[in-house]
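Tertiary structure, described
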Amino acid sequence: MAKAMRYALPVVGLLMLVSGAYLGLVWVPAERDMGDVARIMYVHVPSVWMMLLASLLNFGASLWYLFRASWKVDALAEAGAEVSLVFGVIGVLLGAIWAKPTWGVYWNWDPRLTSVTIMLVTYAGYMALRRFAEDPERRARWSAVAGVFLAANSVLVWYSVKWFNSLHQPQSSPKTTYPELVLTLRWNSFAFLFIAIWFVWLRYDLAMQTRRSEVAPPEPPPAAAGSPA
Amino acid sequence: MSAPGLALPLLLAQATAEHVEEMSRAVGTGRIVGGWEYVWACYLIAWIGIALYAVSLWARRRAGSKRGIAA
């Protein structure tokens with residue numbers, strides 16, 4: 001079952017991504033005010049949602065590790081942080097490109113953009129922390145504490161458009177938009193979700209592989225193991 | 001009023017009309033027109049980003065497996 005899921009996730013995700021591109025680029029009508037550039041939303045918003053979802057996974061796993069230390073939970077936290085960083089970088093890049101035709105500039109230090117930049121920098125720091133700490137147990141404990149604190153920034157990113165006077169628009173609801181937009185956004189979001197789950201799965205395996213090699217007892221040297229003397 | 005007396009108001013009216021037309025062209029209808037180059041750039045970056053990360057995961061897992069076998 002797990003093996004089937006492992007192959008099905010990228011295949012379904014890829015098929016949905018291709019059909020989602022058709023929906024976003026061809027099928028859905030241009031938006032009333034933003035025209036065709038609003039089509040960027042169907043890749044920008046899912047990317048940012050995956051960044052936040054993966055950061056939520058990192059937070060959950062970090063908190064879990066502090067109460068019940070386990071390599072599996074630590075590996076899950078590591079996978080969540082890296083996948084969050086990848087989708088975050090994609091999402092911010094797309095947002096900057098979308099900003100040019102709508103705001104007239106690629107970048108503006110408004111609360112949403114500033115908070116998301118801080119979030120990406122802190123996750124990059126989190127990944128660097130994991131690389132620098134050599135002792136696996138200490139690394140897992142430090143990362144878990146960092147992961148819990150980093151979650152505060154995800155909350156700030158989500159609410160920045162509501163709490164502060166931001167150039168970035170606040171979250172829309174299906175009630176305020178047209179049905180074709182909602183369908184296309186949901187379709188692309190599920191495509192990104194399947195791909196994100198697959199990425200987390202692969203990254204988790206990679207982290208577990210590294211952990212196993214780190215905590216395995218050292219092999220005896222070839223001379224000592226093979227030589228009769 | 002003589003014809004030369006009308007020249008200035010007519011000139012002003014014409015200049016105003018031209019100015020309004022020019023401003024309307026600059027402001028447009030309030031809707032962004034075009035911008036497909038931005039749309040394509042975004043879709044390409046998203047696809048390439050996803051593909052590159054998938055390749056990176058595959059390569060790192062493969063390198064890890066080889067290390068495991070070597071160990």
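Read on for an overview of the structure. (Residues numbered from 1 in each chain as written. Chains lettered and ligands numbered in written order. Predicted model: local features only at pLDDT ≥ 70, side-chain atom pairs only at ≥ 80, totals over all residues. Heavy atoms only, no water.)

Note on placement: Phe194(A) falls in helix H6 (residues 179-215). Measuring from C-alpha to C-alpha, the distance between Phe194(A) and His168(A) comes to 27 Å, with 26 residues separating the pair along the chain. (Helix = DSSP H or I, 4+ residues; strand = E, 2+ residues; numbered from the N terminus.)

This brings us to the pattern of salt bridges. Taken as a whole and assessed by the stated rule, the structure comprises 13 salt bridges over all chains. Counted as one network, the salt bridges with shared partners bring together Asp74(A), Glu78(A), Glu82(A), Arg130(A), Arg139(A), Arg203(A), Arg211(A), Glu214(A) and Arg60(B). (Salt bridge = Lys/Arg side-chain N within 4 Å of Asp/Glu carboxyl O.)

Once that is clear, we can look at the packing of helix H4 (residues 111-132) of chain A against helix H5 (residues 136-163) of chain A. Residues and elements named next belong to chain A. One can describe the packing of H4 onto H5 by two numbers: an axis separation of 9 Å at closest approach and a directional angle of 170°. Classified by the angle their axes make, H4 and H5 are roughly antiparallel. Its residues placed into classes, the contact of H4 with H5 shows 14 nonpolar, seven polar and three charged. (Axes fitted to C-alpha atoms, helices over the stretch in contact; angles between N-to-C directions. Parallel < 35°, antiparallel > 145°, perpendicular 65-115°, else oblique. Nonpolar A, V, L, I, M, F, W, Y, C, P; charged D, E, K, R; others polar.)

For the rest of this paragraph, the subject is the nonpolar core. Grouped together as the largest cluster of nonpolar side chains are 68 residues, with contacts concentrated most on Met51(A), Phe87(A), Phe199(A) and Ile50(B). Taken together, the elements giving at least two residues each to this core come down to helix H1 (2-27), helix H2 (41-67), helix H3 (71-103), H4, H5 and H6 of chain A together with helix H2 (36-70) of chain B. Residue contacts for Met51(A): discarding those within four places in its chain leaves Ser84(A), Phe87(A), Gly88(A), Val116(A), Met119(A), Leu120(A) and Val157(A). (Core = buried A, V, L, I, M, F, W, Y, C linked by side-chain atoms within 4.5 Å. Buried < 20%, exposed > 50% of the residue type's maximum accessible area, 1.4 Å probe, protein only. Contact = heavy atoms within 4.5 Å.)

Residues and elements named next belong to chain A. A cluster of nonpolar side chains, contributed by Trp-49, Val-155, Trp-158, Tyr-159, Trp-163 and Phe-164, occupies part of the molecular surface with about 590 Å² of accessible area. At four residues, H5 tops the list of elements feeding residues into the nonpolar patch. Examined against the element boundaries, Trp-158 turns out to sit in helix H5. (Patch = residues over 30% accessible without salt bridge, like charges linked within 9 Å, V, L, I, M, F, W, Y side chains within 5 Å. Areas by Shrake-Rupley, 256 points an atom, 1.4 Å probe, with all protein chains shown as cover.)

We now examine the packing of aromatic side chains. Throughout the structure, instances matching the rule amount to nine aromatic pairs over all chains. The interplanar angle of 55° and the centroid separation of 6.1 Å between the aromatic rings of Phe87(A) and Phe192(A) together place this pair among those described as tilted. One end of the pair, Phe87(A), is in helix H3; the other, Phe192(A), is in helix H6, and 105 residues separate them in sequence. Across this residue pair, the class does not change: Phe87(A) and Phe192(A) are buried. By the ring-pair criterion, three or more aromatic residues cluster together here, those being Phe87(A), Phe192(A), Trp198(A), Phe199(A) and Tyr53(B). (Phe/Tyr/Trp six-rings, centres within 6.5 Å; stacked < 30°, edge-to-face > 60°.)

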